[in-house]
Amino acid sequence: MTGERLRFDGWIAGVGTASGTRLVVGHWPRSPFGAFSDVMVEHPDGVRVLLAPSRRIADFVAATYRFDRIEVVPVTVAVADDTWLVEAGPLRLRLRTGRSSALGLLLSAVPAPLARSPLWAALCDVPARLLMPGVRTLGRAGPGRREWYGARGLRPVVAADAVLDGADLGRLAPLDPPVAFGFGSAPRRPSLVRVTTTVELATAGR
């Protein structure tokens, strides 16, 4: 038997900075919680912080991933052409994306029903790890939970500037070392991924 499956359809942006701080933005126009965005921050010393727009969302995300600190703050994402502006409490991030790569164009052809399938995620897991070390498409997520990602597009992030707690985080850099919020990382190369994420909850009694 499988547990309840919750689907989140949107984008994940992952960027590194010269300061060593790494940022992962989730922007979800369609989710079981309605439209929302959240930000995961990993500091150079490994401290992981979640910036979430409500306690309900914070509790769900914290039960799926690992954090050392959680902050409930207003989170907004504004998109204009190839520019994204993210504001989340103490963080202000502006990023600019480039054109889709060949892989991105290939992923954009994946039908939505296929992207939701755990079998498709399992099939993609090995090539994803080979092409983008640290990336996983299927794994365990929090106690009793399973999660999989169905990528449906990929664009490089070509420029970014970020200020956190009043400090400039420096120029755009690879997402290195990989972030450690869950079973896998965002790509090392700063990227914006169009994705359908599915979280399967534990069945009752397990």
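For the structure itself, look to the data block above.
Reading the values: the criteria
Each chain has its residues counted from 1, running along the sequence as written. The predicted origin of the model limits local features to residues at a pLDDT of at least 70 and limits the giving and counting of side-chain atom pairs to 80 or more, whereas totals for whole chains, interfaces and linings rest on all residues. Each side-chain value is derived from all of the structure's non-hydrogen atoms; neither hydrogens nor water enter the calculation. Each helix corresponds to a stretch of at least 4 residues labelled H or I by DSSP, and each strand to a stretch of at least 2 residues labelled E; elements are numbered beginning at the N terminus. Contacts: residue pairs with any heavy atoms within 4.5 Å of one another. Remark: nonpolar core denotes a set of buried residues (Ala, Val, Leu, Ile, Met, Phe, Trp, Tyr, Cys) joined through side-chain atoms within 4.5 Å. Working definition: with a 1.4 Å probe on protein chains only, accessible area under 20% of the residue-type maximum means buried, over 50% means exposed, and in between means partly exposed. Pairing of aromatic side chains here covers Phe, Tyr and the six-membered ring of Trp, requires ring centres within 6.5 Å, and sorts the geometry by plane angle: under 30 degrees stacked, over 60 edge-to-face, intermediate tilted.

(A) Highlighting the side chain of Thr197. With respect to the secondary-structure elements, Thr197 resides in strand β13 (residues 191-200). Contact partners of Thr197, with chain neighbours within four places excluded, come to Leu6, Arg7, Phe8, Ile12, Trp28, Glu147, Trp148 and Tyr149.

(B) Inspection of the nonpolar core at higher detail. If you look at the biggest cluster of nonpolar residues, it comprises 27 residues, and the most contacted ones within it are Phe8, Met40, Phe60 and Val61. Of all the secondary-structure elements, those providing two or more residues to this core are β1 (5-17), β2 (22-30), β3 (36-42), β4 (48-52), α1 (55-64), β10 (146-164) and β13. Take this core: its biggest share by element is four residues, from α1. Beyond its immediate stretch of four places on either side in the chain, Phe8 contacts Trp28, Arg30, Ser31, Pro32, Phe33, Phe36, Phe60, Val195, Thr196, Thr197 and Val199. In terms of nonpolar packing, the next biggest core, distinct from the first, is built from 23 residues, Val75, Leu93, Leu95 and Val157 among them.

(C) Fine view of the packing of aromatic side chains. Using the criterion set out here, one finds nine aromatic pairs in the structure. Relative to Phe181, the ring of Phe67 lies with its centre 5.6 Å away and its plane at 35°, an arrangement referred to as tilted. Taken together, the residues span a long stretch of sequence, with Phe67 in the loop between α1 and β5 (69-72) and Phe181 in the loop between β12 (172-173) and β13 at a distance of 114 residues. Judged on exposure class, the residue Phe67 and its partner Phe181 are both buried. Here Tyr149 and Phe183 contribute two aromatic rings whose centre-to-centre distance is 5.9 Å and whose plane-to-plane angle is 50°, an arrangement assigned as tilted. Here Phe183 lies in the loop between β12 and β13 and Tyr149 lies in strand β10, a separation of 34 residues in the sequence.

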